[in-house]
Amino acid sequence: MKKLYLSVFLFSFLFFSHRIDKVPQGLTIDEGAFGYNAALLSKTAKDENERILPFFILSINNKDWREPVPTYFMATFFKIFGVSITNLKLSSAVLASLSAMLIFYLTNTLLGTKAAFFSSFIFITSPVVYIHSHLGLDILTPIPMLLLWLIFLKSNPILSAFFLGVALYSYKAMRVFVPIFAVISLIYLFYNQKKKRKTVPFICTLAPFFLIMPYLEYKYAGAILGNQKPSFSIYSFFRSYFSTFDPSFLFVDGDSIVHHTTGKHGVFLLASLPAFMRGISFALKKGGFAKALVLAFFAGPLLIGFTGSYHRAGRIASLSAFYAVISAYGFNCFYKNQKAALFLLLALIAVNAGLFMNYYWYSYAEDTKNHFYDTKIEKTYSAMKDYLLKHDFVPYQTAEIVTGGDESAVRNFFRSIYFTQEINIYEGNPEALPKKSILLTRDSKLNLKRIDSQLSDYYLYIKE
């Protein structure tokens, strides 16, 4: 059985990593911020603000906090495999693959191997999951933690509470999800007579993760709530909460921000909806753990109503795990009672998944390239580093390279792949460059010897 779980992980990793270096074209600002600080931490144990191993990391011109779990996971990944754009993205592919394996394990223990394969397939082909497996972000980080919470909820309340507590610091949106999941856990443990006594160790293990929040907010002001002020308008609350389950958002249009869905496909595959609906019906009748899953799916985003957030796919990506397992209950119902309908359903899901994957792999990158920051300067830094390894020259760059507002986070990541420290700015006449110097600039017409002339937009000159 261990070989089967490993096979699920490896297949999922190959699936998620397909064309990961080509789709999408470029990086987001948040990817740059995560990558930059993870690179620095992996090399120096300090973040961009020179803090040694901080709990939260302040980034993007001191405007946004990075969560500790994803940042240190990426830093560890870089430490083992090296710092690169591809490895930044592969760190998310690993998390998605681990989640697929855990979903297979959980579903297998609940419903058997056939349903486990089905739930894993639903998970890995969900647009919100696959798209974020190609982005070096924190959005998928909570999913393995939440699955481990569910897996241990039935057997080990201490480990269950521990992983739920870790999830609290894996993604900002978990601040509103985890309290609800904690309440659901206590309800499940209390009303299951054999597990009622397990509520105390669960509470004792989870409590410190919440009790430390005032201290963390004091030391890292604004990191806990992200400087977001909750809205207590009853109309805003219900509008925000109900928008989470807008069918057109979940199954047709998706997020308006094309970093998080394609704009042509929903958060989940439309063809999977019958299995999910059948799974809800069965779970509510069965009760127990199945009912807790359904409650977690629909009640988990309850506190999102106070944030005024609408149709944000990234914030509910963690629901994909619940969606996949609940859909597996529906699969079992079809398998036992309506095999002909099941075959039709499987065919529709396969077609739906195929159309999505075909668009994402071969059209999405070109359609959305203007929404991402290009990676051209990374090749220039690479060429500069290669030259300096062969020649004892001093590196410089012109001022326009380091300007650019928020996008500097992306450039800093590209630079940190090859240079931990910022390269000195040359403020004089570039053509008066000191001897034995190499200059990075955007000026293509300097009267100096240019190297690596095949690159565009960024140029390297030397003065021997």
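The structure this text deals with has already been given above.
About the thresholds
- Residues numbered from 1 in each chain as written.
- Predicted model: local features only at pLDDT ≥ 70, side-chain atom pairs only at ≥ 80, totals over all residues.
- Heavy atoms only, no water.
- Salt bridge = Lys/Arg side-chain N within 4 Å of Asp/Glu carboxyl O.
- Buried < 20%, exposed > 50% of the residue type's maximum accessible area, 1.4 Å probe, protein only.
- Helix = DSSP H or I, 4+ residues; strand = E, 2+ residues; numbered from the N terminus.
- Contact = heavy atoms within 4.5 Å.
- Pairing = 2+ DSSP bridges.
- Axes fitted to C-alpha atoms, helices over the stretch in contact; angles between N-to-C directions.
- 1 Å grid on protein atoms, 1.4 Å probe; cavity = no way out; pocket = protein on both sides within 12 Å on 5 of 7 lines; lining within 4 Å.
- Points joined across faces, edges and corners; volume = space filled by probe spheres on them.
- Phe/Tyr/Trp six-rings, centres within 6.5 Å; stacked < 30°, edge-to-face > 60°.
- Nonpolar A, V, L, I, M, F, W, Y, C, P; charged D, E, K, R; others polar.

Draft legend 1. Looking closely at the pattern of salt bridges. Under the criterion given, the structure shown has twelve salt bridges. The closest approach of N and O atoms between R66 and D64, which form a salt bridge, is 2.4 Å. Of the residues examined, D64 reaches a relative accessible area of 23% and is grouped as partly exposed. Put simply, D64 and K172 hold a salt bridge, and the shortest N to O gap is 3.4 Å. You can see D64 sitting in strand β2 (residues 64-66) and its partner K172 sitting in the loop between α8 (157-167) and α9 (174-191), a full 108 residues away along the chain. A residue is classified by how much of its surface remains accessible, and K172, at 27% relative accessible area, is partly exposed. Connected via shared salt-bridge partners are D30, D64, R66 and K172.

Draft legend 2. Highlighting the side chain of K89. Positionally, K89 belongs in helix α4 (residues 85-111). Using a relative accessible area of 3% as the deciding quantity, one classes K89 as buried. Not counting the four nearest positions on each side in its chain, K89 is found in contact with I20, P24, G26, L27, E31, S133, H134, L135 and G136.

Draft legend 3. Region of interest: the sheet that holds strand β5 (residues 449-451). Within the open sheet, the four strands sit side by side as β3-β4-β6-β5. Their pairing is mixed. With one partner strand each, in any of the chains shown, β3 (394-397) and β5 form the two edges of the open sheet. Each adjacent strand pair in this sheet contributes to an overall mean axis angle of 30°, direction not counted. Strand direction decides the pairing type here: strand β4 (residues 437-441) and strand β6 (residues 459-463), joined by five bridges, are antiparallel. Each residue of the ladder has a partner; that of L439, found in β6, is Y461. The sheet contacts of helix α18 (residues 376-390) involve β3, β4, β5 and β6, and relative to β4 the element is tilted by about 180°.

Draft legend 4. View of the environment of P144. Take P144: it is sitting in helix α7 (residues 142-153). Distance from P144 to E431, taken between C-alpha atoms, is 54 Å for residues 287 residues apart in sequence. Beyond its immediate sequence surroundings of up to four residues, P144 is in contact with L95, L98, S99 and L102.

Draft legend 5. Seen up close, the pairing of β4. The buried fraction of β4 amounts to five of the five residues, a majority that puts the element mostly inside the structure. Burial along β4 is two-sided: S437, L439 and T441 and I438 and L440, pointing in opposite directions, are all buried. The pairing of β3 with β4 spans four bridges and is parallel. Each residue of the ladder has a partner; that of V394, found in β4, is S437.

Draft legend 6. Broad picture of the layout of surface pockets. If you add up the space inside the second largest pocket, you get close to 510 Å³. Elements that contribute at least two residues to the lining of the second largest pocket include exactly α4, α18 and α20 (408-418).

Draft legend 7. Quick peek at the packing of aromatic side chains. Applying the stated criterion across every chain, the model contains 52 aromatic pairs. Ring geometry for F78 versus F413: centroids 6.2 Å apart, planes at 15°, classification stacked. Remark: F413 occurs in helix α20 and F78 occurs in helix α3 (residues 68-81); sequence separation between them is 335 residues. For F78, a relative accessible area of 3% translates into the label buried. Exposure remark for F413: the relative accessible area of 0% places this residue in the buried category.

Draft legend 8. Quick peek at the side chain of H132. In this fold, H132 is placed in helix α6 (residues 127-132). Once residues lying within four places of it in the same chain are set aside, the contact partners of H132 are S92, L137, I139, L140, H259, H260 and G314.

Draft legend 9. Spatial organisation of empty space enclosed by the protein. The final tally for this structure, using the stated rule, is one cavity of 30 Å³ or more. Reported here for the largest cavity is a volume of approximately 50 Å³. When its residues are assigned to classes, the lining of the largest cavity shows four nonpolar, five polar and two charged.

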